[in-house]
Amino acid sequence: MTIKAPKPKLPPISPILQACATYVPGKPVEELQRELGLSDIIKLASNENPLGPSPIALKAIENEIANIHFYPDVNHFYLRQKLAARLGVTAQELIIGNGSEEVVSLLIRSYCSPGDNTVGCGAAFLAYRVCSQVHGVEYREPALNRDMNLELEELLSLVDAKTRIVFLPNPNNPTGTYLNRATMRKLLQRLQERSVLVMLDYAYWEYVRTKDLPSPEELYSEFPNVLVTRTFSKIYGLAGLRVGYGMAHPDILETMRKVKMPFNVTTLGLAAALAALEDEAHVKRSYDLNVEGIEYLEKEFQRMGLDFWPSQANFLLVRMPVDAKQVYDKMLTEGVILRPVANYRLPEFLRVSVGTMSQNKRMIASLEKTLRGFKA
Ligand SMILES: Cc1ncc(COP(=O)(O)O)c(C=O)c1O
């Protein structure tokens, strides 16, 4: 028997929400399984670690599982201690979030009021827009430009007396591009004059290959208005457990701690993150696999005559010579999930996460076959 719930008589929806962007995640494997009845699916859509979590983290989860009737530690004591020791800061300079996305949301809720604005770089990670708008905060962005200097001049022109936060993901998602040391320092110096908070999103830092991208610690020690975010969702392979963190001056974090829900990170997430930090071999394996994958994909895209953005992360943004949405749909039928990025105003592109080498090869074969089908 199914219950038929009566239609609710709702109060009016907040006008703020009516105009909000929505975040569209990568298609989950189980959803495609249900929809198309496929069993052999690869998902290269959400920049996850194709090697999965560290075995040491899995063991830590097993060890902790009998304790899940207890609420988690509200202060995240051990994880903050361990991170503090590694980063050379105090635990007071760290806040743990339910993914680094929560840290974005805490920062906006702490420092922005309706009528204020936030500014991101061109085609910045969509969560900044969504989190700003749901809090009644205007989100601004310059046009994406392959000439970084032009884009950043436009970004600076968007900053005004009502700007509270500037988001600088480095490298950015979905472009994979980065701001180098000289550019970053110049930009931070100019933003400092404006008294705004600058969120440096280093979600993909562990994958960075160039030496010209400044470390989070380097910028943090020089620029006072900075909050750096990092995550356990990418190279540490714990996306499903939702653990990320922010590093900032205690004065910045004090306000954010007032906003944070007490039990925002789970016991299993905390245990797994602590253990994942220990498994340097897993991080190294994941990094090496990504380098091999990026080089392979770049070579293959070049061979196929496809235009792509150079990436310092674990994904590549590649331009489709035919309708990208149709390519995406066709590849789904072959069990290959990529990521359309039309919601970043990049309708001609698909974003491809780097997988294992066999996944990368299968993806290329499927893409090539799909594009051939469009030419025929
Ligand atoms: C630039 C960037 N920042 C943050 C995140 C979110 O990470 P988390 O899983 O820690 O919330 C992502 C996820 O895709 C991202 O691309």
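Structure's up top.
Here the structure is a predicted model, which means the values were calculated and not measured.

(A) Expanded view of the site of the ligand. Around the ligand there are 13 residues in total, and Gly99, Glu101, Asn173, Thr231 and Ser233 lie nearest to it. In terms of residue class, the shell around the ligand is made up of four nonpolar, seven polar and two charged.

(B) Seen up close, the sheet that holds strand 9 (residues 315-319). If you walk across this open sheet you meet the three strands as 9-12-11, and the pairing is antiparallel. Two strands lie at the open edges of the sheet, namely strand 9 and strand 11 (339-340), each paired on one side alone. Where strand 9 lies against strand 12 (residues 349-353), five bridges are found, and the strand directions are antiparallel. Across the sheet, Leu316 pairs through a bridge with Val352, a residue of strand 12.

(C) Expanded view of the packing of helix 5 (residues 100-111) against helix 6 (residues 126-134). Packing of helix 5 against helix 6 leaves a shortest axis separation of 10 Å and a crossing angle of 40°. Classified by the interaxial angle, the pair formed by helix 5 and helix 6 is oblique. For the crossing formed where helix 5 meets helix 6, the hand is right-handed. The residues of helix 6 that touch helix 5, namely those facing Glu101, Val104, Ser105 and Ile108, are Ala127, Tyr128, Cys131 and Ser132. Across the contact of helix 5 with helix 6, the residue classes tally to five nonpolar, two polar and one charged.

(D) Spotlight on unusual backbone geometry. For the bond running from Asn170 to Pro171, omega is 0°, close enough to zero to count as cis. Mapped onto the fold, Pro171 is located in the loop between strand 5 (163-169) and helix 8 (181-193). Omega for the peptide link from Asn173 to Pro174 comes to 20°, which places this bond in the cis form. Secondary-structure assignment places Pro174 in the loop between strand 5 and helix 8. Positive phi outside glycine occurs at His76, with the angle close to 50°. For His76, the position within the fold is in the loop between helix 3 (55-64) and helix 4 (77-87). By the C-beta count within 10 Å, which is 23 here, His76 ends up buried. Look at Arg345: it is not a glycine, yet its phi comes out positive at around 60°.

Analysis parameters
- Residues numbered from 1 in each chain as written.
- Predicted model: local features only at pLDDT ≥ 70, side-chain atom pairs only at ≥ 80, totals over all residues.
- Near = placed C-beta within 6 Å.
- Nonpolar A, V, L, I, M, F, W, Y, C, P; charged D, E, K, R; others polar.
- Pairing = 2+ DSSP bridges.
- Helix = DSSP H or I, 4+ residues; strand = E, 2+ residues; numbered from the N terminus.
- Axes fitted to C-alpha atoms, helices over the stretch in contact; angles between N-to-C directions.
- Parallel < 35°, antiparallel > 145°, perpendicular 65-115°, else oblique.
- Left-handed = near helix turned anticlockwise from the far one by under 90°.
- Contact = placed C-beta atoms within 7 Å.
- Buried ≥ 20, exposed ≤ 12 C-beta atoms within 10 Å, placed from the backbone.

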